[in-house]
Amino acid sequence: MVGAGISGAACARAVRAAGLDVTVVERGRAVGGRMASPHLHGRRVDIGAAYFTVTGDGFAALVADWRARGLAHEWTDTLGVFAPDGLTSTSGTCRFGAPGGLRSLARDLHTEVSLGHELREFPDGFDVTVLAMPDPQAARLVGDAIDWVEYDPVIAVVAGFAQRTWQLDAAFVNEHPAVTLVADDGSRRADGAPVLVIHTTPQLARAHLDDPDGAVPPAVDATRELLRIDAAPQWTYAHRWRFAKPAATHGDAPYWFDGPLGVCGDSWCPNGAPRVEAAWLSGHRLGLEIAARLGSRM
């Protein structure tokens, strides 16, 4: 298993449940992938996925277990929507957060992971190798074996303020040159910290891929204008996501599996938009098929 995000965790968990051995390697210094929650200024901050939602029974059962153990909680069912003609809101599906940051949920699913292990070529010696990662990264290992999809970049800008002066938990930002989403991290983490996480547009991110800090001023200025924040932040932080979210999906395919190679992740999303649940479901379904095929040989 290459990749210790939630799709890799779900796949490894399903295979292990069948009594099969799994080796998980991850190029980063922590599990979670784009469910990242680094420690910034005394607390965890979710700088990748903003939240997760629940639609299917399988993921719902997992989330119910997380909630029972205090690892996840309901956050909000209403988000603001900024558009050129003003601010509205949208309500419906409940968004969930995690007191320990979303990375804590991926960590809960994993057992043993070899961190800081970057592969530069396809590994040998395994019955099946699963690539649980964004398509552009998987393509570097296996070439054009699959019709890969493109991913858009995002720079996550974190801004810590002296106090919370805004009223929104989170807001989508439409048709803006700098910002697509603003989330109150203190609200979703339920600790009240006056910390905002801002997701830039792909266009702004592409302009600053080699200098993520350069995206901070336009992102912060836009957010202060949108939320009518007078004070400047006390501190900021920028993180580049070169492959933040898929620009398309693989249609009806929930994963790819051919002989010794499997691929899963949020781009393998038959229903709805790519999201945390889609990544989990892709890995889980692939893990079940791997377990069935390998188990039949035993």
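So, a few notes on the structure that sits alongside this text. (Residues numbered from 1 in each chain as written. Predicted model: local features only at pLDDT ≥ 70, side-chain atom pairs only at ≥ 80, totals over all residues. Heavy atoms only, no water.)

1. Structural notes on the nonpolar core
Counting 23 residues, the largest nonpolar core has V157, V179, V182, L196, I198 and L227 as the members making the most contacts within it. For this core, the secondary-structure elements that each account for two or more residues are β6 (151-160), β7 (170-173), β8 (179-184), β9 (195-200), α6 (202-207) and α7 (216-227). Ranked by residues supplied to this core, first place goes to α7 with 5 residues. Core analysis: the next-biggest nonpolar cluster, separate from the first, contains 19 residues, V15, L20, V130 and C264 among them. (Core = buried A, V, L, I, M, F, W, Y, C linked by side-chain atoms within 4.5 Å. Buried < 20%, exposed > 50% of the residue type's maximum accessible area, 1.4 Å probe, protein only. Helix = DSSP H or I, 4+ residues; strand = E, 2+ residues; numbered from the N terminus.)

2. Let's talk about the sheet that holds strand β11 (residues 256-258)
Taken in spatial order, the 3 strands line up as β5-β12-β11 in an open sheet, and their pairing is mixed. In this open sheet, the two strands that pair with only one neighbour each are β5 (129-132) and β11. The average undirected angle you get between the axes of adjacent strands in this sheet is 10 degrees. Examined bridge by bridge, β5 and strand β12 (residues 261-264) share 4 bridges and lie parallel to one another. When the sheet's bridge partners are listed, V130 is paired in β12 with G262. (Pairing = 2+ DSSP bridges. Axes fitted to C-alpha atoms, helices over the stretch in contact; angles between N-to-C directions.)

3. Quick word on the environment of H176
Inspection of the secondary structure puts H176 in the loop between β7 and β8. What makes H176 partly exposed here is its relative accessible area of 25%. Residues contacting H176, with those up to four places away along its chain left out, are T201 and A222. Reaching out from H176, the side chain makes a polar contact with the backbone nitrogen of V179 at a distance of 3.4 Å. (Contact = heavy atoms within 4.5 Å. Polar contact = N/O pair within 3.5 Å; in protein donor to acceptor, adjacent residues only side chain to side chain.)

4. Here's the deal with the sheet that holds β7
Within a beta sheet, neighbouring strands are joined by backbone hydrogen bonds and run either parallel or antiparallel to one another. Judged by pairing direction, the sheet is mixed, and its 7 strands sit side by side in the order β4-β3-β7-β8-β9-β6-β10 without closing on themselves. A strand with exactly one partner marks an edge of an open sheet, and here the two such strands are β4 (86-97) and β10 (235-246). Shown here is a sheet whose adjacent strand axes are inclined to one another by a mean of 20 degrees, direction ignored. As paired strands, β6 and β10 are joined by 9 bridges and run antiparallel to one another. Residue pairing across strands places I155 opposite R240, the latter belonging to β10.

5. What about the pairing of strand β3 (residues 73-83)?
Inspection of the sheet shows β3 paired to β4 by 9 bridges, in the antiparallel sense. Its bridge partner being in β4, G80 is matched across the sheet by S89. Joining the antiparallel neighbours β3 and β4 is a turn of 2 residues. Bridge count for β3 against β7 is 3 bridges, and the pairing is parallel. Along β7, the bridge assignment pairs G80 with A171.

6. Quick notes on the packing of aromatic side chains
Going through the model one piece at a time under the given rule, you end up with 7 aromatic pairs. Ring geometry for Y51 against W75: centres 6.3 Å apart, planes inclined by 45 degrees, an arrangement best described as tilted. You can see Y51 sitting in the loop between β2 (43-44) and α2 (57-68) and its partner W75 sitting in strand β3, a full 24 residues away along the chain. Residue classification places W75 among the buried positions, given a relative accessible area of 12%. When the ring of F52 is compared with that of F96, the centres are 5.3 Å apart and the planes differ by 15 degrees; the resulting orientation is stacked. Linking F52 in the loop between β2 and α2 with F96 in strand β4, this pair joins segments that are 44 residues apart in sequence. (Phe/Tyr/Trp six-rings, centres within 6.5 Å; stacked < 30°, edge-to-face > 60°.)

Distances and angles like these do not, on their own, reveal function.
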